[in-house]
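Inside the fold
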Amino acid sequence: MFVGGFATFALLYGPQPLLPLLAGHFGVTPASASLSVSAGTGALALSLIPASLLSDRYGRALLMKCSLVASAFFSLLVPLVQDFHQLLVLRALIGIAIAGLPAAAMAWLGEEIAPRAQGRAMGLYIAGNALGGMSGRFIAALVTEWSSWQTAFLVLGMIGALAAALFWKSVPASRHFQARSLQPAALKADLGRIFRDPGLPRLFLTSFLLMGAFVGLYNYLGFRLQAPPFGLSQTAIGAVFLLYMVGTWASAWSGRLVDRIGRKNVLWMMVLVMGSGLALTLAGQLALLIAGVALFTFGFFASHTTASGWVGQRARERRALAAALYLTGYYLGASIPGSLAGLAWSRGQWPGVALVLGICVLGVLILALQLRRLAAPQA
């Protein structure tokens with residue numbers, strides 16, 4: 001599951017440090033260039049619920065295996081594109097293909113891992129996301145420095161193919177999976193139960209705002225670091241994405257902390273860490289900016305680990321559909337606020353971006369404090 005999470009984020013977010021290059025190569029604006037990320041995340045978001053239904057009917061492991069193979073195949077085609085529209089089509093196909101893994105992963109962990117270890121297991125899976133996102137971005141930036149963006153996409157596709165092979169060989173078979181009906185009446189009943197729960201809709205909105213803030217920050221970080229007063233090279237910008245290693249540690253650490261003191265006591269504190277980091281990114285000194293990005297990254301991954309595990313705990317036997325709804329909000333956040341922040345960049349540069357992201361973080365804090373007061377769901 002760590003390998004699957006690694007591949008998901010490497011393929012989805014590897015192009016992020018290349019956005020200034022793609023904008024120049026294809027002659028598009030920064031906001032348009034960000035669609036090379038948003039096309040994948042948006043298509044993934046729209047595919048999660050159908051993928052979760054297939055997972056409920058036909059099983060988790062097979063769907064996750066096929067998703068990784070298909071996404072690696074489409075990734076290997078990206079270097080062949082001739083124009084920006086072809087790039088967006090392939091990125092959308094990658095998002096559709098890879099949807100099966102996140103749609104099934106949270107449900108698989110909830111079914112197969114003992115309750116006392118689920119926080120740690122979810123932390124390890126999301127740590128794979130963090131390491132994959134970091135590695136994909138850094139490798140793409142490094143390869144582009146000595147070759148081309150096409151070669152960078154080729155290398156990402158090869159990484160995806162290797163991850164798919166390792167995952168296919170290694171993922172354990174499900175022992176506790178029970179197929180659920182795909183009848184519309186059953187789906188309607190499940191959706192009704194999910195949205196009547198007072199906590200789950202708040203968690204879905206939490207995921208939307210969390211990911212919107214996170215992707216918005218990293219989408220436009222490269223533009224800021226490339227401009228004065230910093231003027232960093234492509235490799236140096238890629239090195240900043242090594243801060244994802246902070247997220248890898250934060251995911252595993254917060255999972256253990258949740259097992260000790262509970263989600264209610266972890267989520268709101270980690271959101272405050274995000275807000276503190278965002279404030280530091282307004283500094284004009286590179287060291288303070290980097291420290292702010294590190295704090296923001298730590299707080300994001302800790303918050304996401306906490307909230308995503310909370311979904312499975314509240315949804316119980318409907319955890320696959322609830323996880324898909326959570327992740328739909330998550331990836332729509334990557335596509336909508338993450339791209340809309342580009343309008344703020346065009347009008348107000350980094351302070352404008354920070355204002356939009358700060359509104360998202362404040363919204364998450366309000367939701368976290370509301371969730372803290374909710375009782376646990378009844379058995």
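Read on for a plain summary of the structure. (Residues numbered from 1 in each chain as written. Predicted model: local features only at pLDDT ≥ 70, side-chain atom pairs only at ≥ 80, totals over all residues. Heavy atoms only, no water.)

For the rest of this paragraph, the subject is the overall build of the chain. A count of helical and extended segments in the chain gives 17 helices and zero strands. The C-alpha radius of gyration computed for the chain amounts to 19 Å, which stays within 12% of the reference 21 Å derived for 379 residues, consistent with globular compactness. When the backbone C-alpha atoms are referred to their principal axes, the chain occupies close to 55 × 40 × 30 Å. Across the 379 residues in the chain, those meeting the buried criterion constitute 58%. Restricting the contact set of the chain to residue pairs at least 6 apart, pairs at least 24 apart contribute 84%. For the chain, the exposed area adds up to about 14500 Å²; of that, 68% sits on carbon and sulfur atoms. Of the charged side chains in the chain, 26 are positive and 9 negative, and the gap between their average positions amounts to 7 Å. (Helix = DSSP H or I, 4+ residues; strand = E, 2+ residues; numbered from the N terminus. Rg over C-alpha atoms; globule rule 2.2 N^0.38 Å. Buried < 20%, exposed > 50% of the residue type's maximum accessible area, 1.4 Å probe, protein only. Contact = heavy atoms within 4.5 Å. Areas by Shrake-Rupley, 256 points an atom, 1.4 Å probe, with all protein chains shown as cover. Lys, Arg positive; Asp, Glu negative; His and termini not counted. Charge placed at Lys NZ, Arg CZ, Asp CG, Glu CD.)

Relative to the elements of secondary structure, Ala61 occurs in helix H5 (residues 60-77). Residue classification places Ala61 among the buried residues on the basis of a relative accessible area of 13%. Each C-alpha atom, one on Ala61 and one on Arg116, is 22 Å from the other, the two residues being 55 residues apart in sequence.

It is worth spelling out the packing of helix H14 (residues 263-280) against helix H15 (residues 286-315) at this point. Geometrically, a packed helix pair is captured by the angle between its two axes and the distance between the axes. The N-to-C vectors of H14 and H15 enclose an angle of 155°; their axes lie 7 Å apart at closest approach. By the angle between their directions, the pair H14 and H15 is classed as roughly antiparallel. Two packed elements cross with a definite hand, and for H14 against H15 that hand is left-handed. Each residue belonging to the contact of H14 with H15 can be placed in one class, and the counts come to 18 nonpolar, seven polar and two charged. (Axes fitted to C-alpha atoms, helices over the stretch in contact; angles between N-to-C directions. Parallel < 35°, antiparallel > 145°, perpendicular 65-115°, else oblique. Left-handed = near helix turned anticlockwise from the far one by under 90°. Nonpolar A, V, L, I, M, F, W, Y, C, P; charged D, E, K, R; others polar.)

Throughout the structure, instances matching the rule amount to one salt bridge. Close ionic contact of Asp197 with Arg314 constitutes a salt bridge, the shortest N to O distance being 2.9 Å. Of this pair, Asp197 sits in the loop between helix H10 (184-196) and helix H11 (200-226) while Arg314 sits in helix H15, and the two are 117 residues apart along the sequence. There is no split in this pair, since Asp197 and Arg314 are both buried. (Salt bridge = Lys/Arg side-chain N within 4 Å of Asp/Glu carboxyl O.)

Moving on to the side chain of Ser47. Position of Ser47 relative to the elements: it lies in helix H4 (residues 35-58). A distance of 2.8 Å separates a polar atom in the side chain of Ser47 from the backbone oxygen of Ala43. Once residues within four sequence positions are removed from consideration, Ser47 is found in contact with Ile96 and Ala99. (Polar contact = N/O pair within 3.5 Å; in protein donor to acceptor, adjacent residues only side chain to side chain.)

One finds Met1, Tyr13, Met211, Tyr218, Phe301 and Tyr331 to be the most contacted residues of the largest nonpolar core, which totals 122 residues. If one sorts the elements of this core by residue count, H11 sits on top with 15 residues. (Core = buried A, V, L, I, M, F, W, Y, C linked by side-chain atoms within 4.5 Å.)

With 27 residues, H11 should reach 39 Å at 1.5 Å per residue; the first-to-last C-alpha distance of 40 Å fits that figure. Residue Tyr220 marks the point of greatest curvature in H11, where the axis turns by about 35°. When you tally the buried positions in H11, you get 22 out of 27 residues, the bulk of the element. (Expected span 1.5 Å × (residues − 1). Bend = angle between axes of the 7 residues up to and from the residue.)

Positive phi outside glycine occurs at Gln349, with the angle close to 55°. Within the secondary structure, Gln349 is located in helix H17 (residues 337-372).

This paragraph deals with the packing of aromatic side chains. Under the defined criterion, the tally for this structure stands at 18 aromatic pairs. Aromatic pair Phe223 and Trp345: ring centres 6.3 Å apart, planes at 45°, arrangement tilted. Here Phe223 is found in helix H11, whereas its partner Trp345 is found in helix H17, with 122 residues between them in sequence. Exposure class is identical for Phe223 and Trp345. Each is buried. Taken together, a centroid distance of 6.4 Å and an interplanar angle of 20° make the contact between Phe300 and Tyr330 stacked. With a gap of 30 residues between them, Phe300 in helix H15 and Tyr330 in helix H16 (residues 319-335) connect regions that are remote in the sequence. (Phe/Tyr/Trp six-rings, centres within 6.5 Å; stacked < 30°, edge-to-face > 60°.)

Next up on the list: a nonpolar patch on the surface. Residues Phe2, Val3, Leu124, Leu162 and Leu166 make up a contiguous nonpolar surface patch of roughly 420 Å² in combined accessible area. Among the elements of the structure, helix H1 (2-13) and helix H9 (149-170) are those that each provide at least two residues to the nonpolar patch. Position of Leu166 relative to the elements: it lies in helix H9. Given a relative accessible area of 43%, Leu166 falls into the partly exposed group. (Patch = residues over 30% accessible without salt bridge, like charges linked within 9 Å, V, L, I, M, F, W, Y side chains within 5 Å.)

Attention shifts here to the side chain of Ser55. With respect to the helices and strands, Ser55 occurs in helix H4. Here Arg60 takes part through its side chain, which lies 2.7 Å from a polar atom of the side chain of Ser55.

Here Leu142 lies in helix H8 (residues 118-146). Given the relative accessible area of 35%, Leu142 is considered partly exposed. For the pair formed by Leu142 and Pro17, sequence separation is 125 residues and the distance between their alpha carbons is 9.9 Å.

So, about helix H2 (residues 19-26). Among all positions of H2, only Leu19, Pro20, Leu22, Ala23 and Phe26 are buried. Each buried residue of H2 sits inside an arc of 165° when the element is viewed along its axis, so together they form one side. Gly27 occupies a position one or two residues after H2 and carries a positive phi of about 65°. (Arc of directions from axis to C-beta.)

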